[in-house]
Amino acid sequence: MSLPPTRVSPEELSAHAGRLIVDLDALAENYRALAARAGPAEAAAVVKADAYGTGVEGAVPALSAAGCRTFFTAILAEARRVKALAPDATVYALGGLAPGCAGAFAEARVRPVLGSPPEIEEWAEFCRSHGKPLAAALHADTGMNRLGLSLEQCRALSGSGALDQFEIALVMTHPACADDLSDPATEAQRRRFDEARALLPAAPASFANSAATLRDAAFHYDLVRPGIALYGGAAVNGAQNPMRNVVTVTARIVQLRDAKAGEAVGYGAVQHLRRDSRLAILSAGYADGYVRLAGGSDARAGGSAFIDGTPAPLVGRVSMDLVAVDVTDLPEDAVAPGREVVLIGEEFTVDDVARLCGTIGYEILTRLGPRFLRQYAGGPAT
Ligand SMILES: *Cc1c(COP(=O)(O)O)cnc(C)c1O
């Protein structure tokens, strides 16, 4: 695969660890594919953590242009940024309503997702004292023990009057195990969600993250909340990932060096060369979110960078700002200081890195750091 068609000057590139290129056309296509899968339910977009590291400034306009009208963030500061980019969109903050903060949500025209009796009381009291039944979502916990009302709390609230003070625009829950096709917990959560809904005032309902959206229409209800699948990540374990790749991460070659068979590479000397080798030292490391566990050792192969589609295996530990790759098998003219190589992309995705490091693509994606120059390819503005 070649790089997306965005340009960068050598000076600009050399000032950064590399580039994080976001393909906004692929993002929009992923949104439309999920919306088509979910229809007639509405497809919202989860854009917390700066749109999973891709940058809300690029992602939100692209998603809006693709038809998205509802966005979910985690915290109010993120929600404000989204609201500035899409003033007419409905924006929720999933992280709940902290004491004394109802006025800030109202002023920002952001809907809180209320998940406990005190949060509901806070919002109800604010709406009552201002004479305005402002919209909010109710979050029911159906088996995750993270945020949300228990069934007993739903039951107690149904007679309390607090729910009459504001508009319940959405009743939602979150599945804990939807990525695992064999786990019956998702179906059990769906049944518990129906019990919770029966206890609460009638309102549009939302259950599905990316995995549940891709799995079964029974999970779609009125609105789906995909996140990772929009950004091209794998949502369902062991299934083929149907989404288009969105993120390409590059680093540049800082130095080329020749090393002899038997010599060690990097901190701890954990990997020795089996042959005389040509190494390229790349300009990104674990400080940039290229996880240390992706490195190689004598005991275990590490990840790979790609140069014109040819793998260049990592050799030795990943340093804070640098990593070595083996380019012995690449043609002489394919490697030179200043050239870019692909660290993460179509050939070696965030999920591939994650598998190697015992984590999930979400974590790799959201931790790609600010030293990468963020660029957008395609999208509504170009
Ligand atoms: C993060 C999140 C989502 C999106 O989950 P994905 O697995 O990324 O699709 C949906 N709903 C809630 C409540 C979340 O916290």
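Quick notes on the rules
Residues numbered from 1 in each chain as written. Predicted model: local features only at pLDDT ≥ 70, side-chain atom pairs only at ≥ 80, totals over all residues. Heavy atoms only, no water. UniProt positions renumbered as here; feature names shortened; annotations may be inferred. 1 Å grid on protein atoms, 1.4 Å probe; cavity = no way out; pocket = protein on both sides within 12 Å on 5 of 7 lines; lining within 4 Å. Helix = DSSP H or I, 4+ residues; strand = E, 2+ residues; numbered from the N terminus. Contact = heavy atoms within 4.5 Å. Buried < 20%, exposed > 50% of the residue type's maximum accessible area, 1.4 Å probe, protein only. Salt bridge = Lys/Arg side-chain N within 4 Å of Asp/Glu carboxyl O.

Asks: Tell me about the UniProt feature "binding site: substrate" (unreviewed entry) in the protein chain, and please be specific about residues and values.
Replies: When the UniProt feature table is mapped onto this chain, "binding site: substrate" (unreviewed entry) is found at Arg146 and Met320. The named residues occupy 175 residues along the chain; their greatest pairwise C-alpha distance, 33.6 Å, places them well apart from one another. Those annotated residues from the list above that line the second largest cavity are Arg146. Of note, Arg146 is situated in the loop between strand 7 (135-139) and helix 8 (151-158). Beyond its immediate sequence surroundings of up to four residues, Arg146 is in contact with Asp141 and His174. Here Met320 shows up in the loop between strand 16 (310-315) and strand 17 (323-326). Take Met320: its relative accessible area is 41%, and that puts it in the partly exposed class. Setting aside anything within four residues of it in sequence, one finds Met320 in contact with Gly285, Tyr286, Ala287, Asp288 and Arg371.

Asks: Can you lay out the pattern of salt bridges for me, pointing to particular residues and giving the numbers?
Replies: The final tally for this structure, using the stated rule, is 21 salt bridges. A salt bridge links Glu29 to Arg244, with the shortest nitrogen-to-oxygen separation between them at 2.6 Å. Here Arg244 lies in the loop between strand 10 (223-224) and strand 11 (247-259) and Glu29 lies in helix 2 (residues 24-38), a separation of 215 residues in the sequence. Given a relative accessible area of 37%, Glu29 falls into the partly exposed group. By relative accessible area, Arg244 is classed as partly exposed at 35%. One salt-bridge network, in which partners are shared between bridges, spans Glu187, Arg190, Arg191, Asp194 and Arg197.

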